[in-house]
Amino acid sequence: MPKISQRMLRLLLVGSLLLTLLSAKGALPNTHIRQQEAIRLTDNLRHYTSLPLLTFIDSSRVKTLEDAIQRFEKGNTPTLPPRVGGGYPIWYTFRLHNASEDTKWDLYFKDRLLSTPNYIYVYYQNESMHSGVDFAQNGFYLPFSQRQNAEDYKRITLDLVPGETYRVYVKAVNIHQSPLPTSINLEQHKTWSDTFLKQQARKGLEEGILQGMIWIFIMYNVVLSIMSREKIHLYYGLYLFFAGLYFLYRSGYLQYFPPFRYQPELINYMWTTSLLAPAFFILFIRKFLFVKKNFPTLDIALKYIAWLAIGIYILESIIYTITENTSLLNQINTYSFVAAVVGIMLCFLLPIKMRNPLVYYFMFGSLTLSFAAITGVFTENYYLTKIGLMIQVVTFTVGMGHRIRENEKQKNKAQASYISQLKENEKMQRDAKRELEARVQERTAKIEKQKEELLAQTDKLKEANAKVQYQSQLLTEKNLKIVDSINYAQRMQEALLPDLSKIALTLPNTFVFFKPKDIVSGDFYWYHAKDGKSFLAAVDCTGHGVPGAFMSLIGYNLLDRFVKHENYSMPGEILDQMQIGVQQVLNHTTTNRRDGMDMGICMIDHRENKLYFAGAKNPLYYIQNNQLGVLKGEKQSIGENTRKGHSFPTHILDLNESTTIYMASDGYQDQFGGPEKRKFLRKHLKQVLHSIHHLPIEDQSLLLEDRLSKWMEMGREAQIDDVLVIGCKVS
């Protein structure tokens, strides 16, 4: 019987256990974690601080409630310091036994704003009844519709049946990676509800007074900015606007305004406005203390710091929109805020060298706010910071009034000085007018006297002018006769020059580009053909105009004599005879004159298909197989005294291949022009000849003329010498 009883007892225990498990569907495992003692809640004690907790850091960021329970059951819950950073969620667990008559008890975190969890999730279950898990959530970034307590986002209300024991799990998250508290407080809900309205009323009154004062001064400065068109009022108004906006954020009232009431995550765009208030404060101080006028270097530094802070705020907003990385945002904002504060601290250097009452307003207002803010941080008394800001606003507003009065005084003083200067100028104008009238009368008398003298001189000038006109008429008549004579000489010179149609009989592909500087020319070309030979010469005589024309007649006649009548055919021999003939004609041996000519002469033997050339300073250019070659002339002119036995050599060129030859005077290559007003030079002439040699012979002459004209137009230069270029294609 005892054995049967024991078996029945065991079956009853197993059955009851199965019934318990089935009835506890969805319930939490009722495990005594480390036999944790329950916290006893009584009617006598309304507040419980720093509850005994088991905690661990959720480094994976994705743990569920079941995962957290398993972690607690394993016992890996090290003791944590009062605050833990790193941005990871923290799990807490503890037991509560409600020995009071109250059914509502509040869990809450009491710490600084950024150390308060942004999200709070609470799971709790009655251990004896094995009911389902109760869940509640709250937090700064939860929309009001999802908060358990819309008024106080740091508080969760638990419904606890009197006499029952509960297991509680809490998950706290801070997306700003600020340190989280590792302790939780507990108090009766009715205690909070009794004091909350009083606290909210006092807090709302404080914030209302501050915001009201701020907005009054904002509107005041907006009006002043529009009326005075001074940026100082605009900067001060913006400073107050962003300071007020940040205080609304810090006090928590910003969350009650749309759209933050429905999308609390937009608050993340607001806490970074802590950069904008000091930025516009720096811009305001630059104007308030006339920093640009007194300290230009410091003014530049402050301006860059302020606009850099504004730019960083815009960058932070873009970064958060793209990445939602609040940790990075917090680091950037912290360092940037420190830089902006350094900029403000630089302003404290100004009183050392400035003797201006405005400095005292700045020092008192800024030091008061700084002292109140620092004291408020260390004492965690946010009320002191508000008082400091209100004192600063009043101080700076009084200072702005003082500044306006000083500006008005300076303006009135300047106006008085201007009026005084106008009166002085008016007096000076009257004195100057009287003096000018006296001088005008004196000057008028002198002018009348000078007028009489001028009339007498005019009669003399008329007589002299008549004589000048008569002499001018004589000169004009003489000049016409001279020009007529020169024109006649031109016709004579043109008659001597060989006709191109005559040259074409033996050298059909020939052009002559001939451009005299004056009416008559010192350059000339010469041609003769006999016995299957063609002679072609390009001659540049000393000088141009009439003197050159006379010298060209001498040269032309000597060439006719030695080639046509004395039958010299080798170009070198012809130049030797020209040397002797010029010296004899010009009598160089007795007069020691140096007049003469530079020339190049070639003889083309059509039977032997060869070209013979000799030159006095002037070369012959030839192109065969697209290669440009040069037959150089001697380095002396015809007519120069030379050593005895000197003769001009003859160069020979084979014409078995198609050949183009050119001879020219120095007028083309010595012409000034171009953008740099320099000579055209022989190397550029060679380049031009090479570039046109393949064209028809009549086009080559036109291109040479066009190139020379453009060269002269670019440099705005006139022609300086006679120009002669002869070209011939020999096949």
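Everything numeric in this text was worked out from a predicted model, so none of it was measured.

Asks: Could you give an account of a positive patch on the surface, naming the residues involved and the relevant values?
Replies: Judged by side-chain charge, Lys231, Lys287, Lys292 and Lys303 come together as a positively charged surface patch. Topologically, Lys231 is positioned in helix α4 (residues 231-251). Note on Lys231: relative accessible area 52%, which makes it exposed.

Asks: Before we move on, can you summarise a nonpolar patch on the surface with the specific residues and values?
Replies: A cluster of nonpolar side chains, contributed by Leu496, Val546, Phe550 and Leu553, occupies part of the molecular surface with about 330 Å² of accessible area. The dominant element in the nonpolar patch, judged by the number of residues it contributes, is helix α12 (residues 545-565), at three residues. Tracing the sequence through the fold places Phe550 in helix α12.

Asks: I'd love a proper account of the pattern of salt bridges, names of residues and values included.
Replies: Enumeration according to the criterion identifies 15 salt bridges in this entry. One salt bridge in this structure joins Arg430 and Glu426, with 3.5 Å as the shortest N-O distance. With Arg430 and Glu426 both in helix α10 (residues 382-496), this residue pair falls four residues apart, about one helical turn. Here the residues in one salt-bridge network are Asp106, Arg155 and Glu187, joined through shared partners.

Asks: Any chance you could break down the sheet that holds strand β2 (residues 47-48) for me, citing the residues and the numbers?
Replies: Taken in spatial order, the four strands line up as β2-β12-β6-β9 in an open sheet, and their pairing is antiparallel. Pairing within the sheet leaves two strands with one partner each, and these edge strands are β2 and β9 (155-159). Where β2 lies against strand β12 (residues 185-188), two bridges are found, and the strand directions are antiparallel. Looking at the pairing, His47 lines up with Glu187 of β12.

Asks: Would you mind going over the environment of Leu586 in detail, with residue names and values included?
Replies: Position of Leu586 relative to the elements: it lies in the loop between α13 (571-585) and α14 (588-591). Along the chain, Leu586 and Gly596 lie 10 residues apart, while their C-alpha atoms are 8.7 Å from each other.

Here is what the cut-offs are and how they apply
- Residues numbered from 1 in each chain as written.
- Predicted model: local features only at pLDDT ≥ 70, side-chain atom pairs only at ≥ 80, totals over all residues.
- Heavy atoms only, no water.
- Patch = residues over 30% accessible without salt bridge, like charges linked within 9 Å, V, L, I, M, F, W, Y side chains within 5 Å.
- Areas by Shrake-Rupley, 256 points an atom, 1.4 Å probe, with all protein chains shown as cover.
- Salt bridge = Lys/Arg side-chain N within 4 Å of Asp/Glu carboxyl O.
- Lys, Arg positive; Asp, Glu negative; His and termini not counted.
- Charge placed at Lys NZ, Arg CZ, Asp CG, Glu CD.
- Helix = DSSP H or I, 4+ residues; strand = E, 2+ residues; numbered from the N terminus.
- Buried < 20%, exposed > 50% of the residue type's maximum accessible area, 1.4 Å probe, protein only.
- Pairing = 2+ DSSP bridges.

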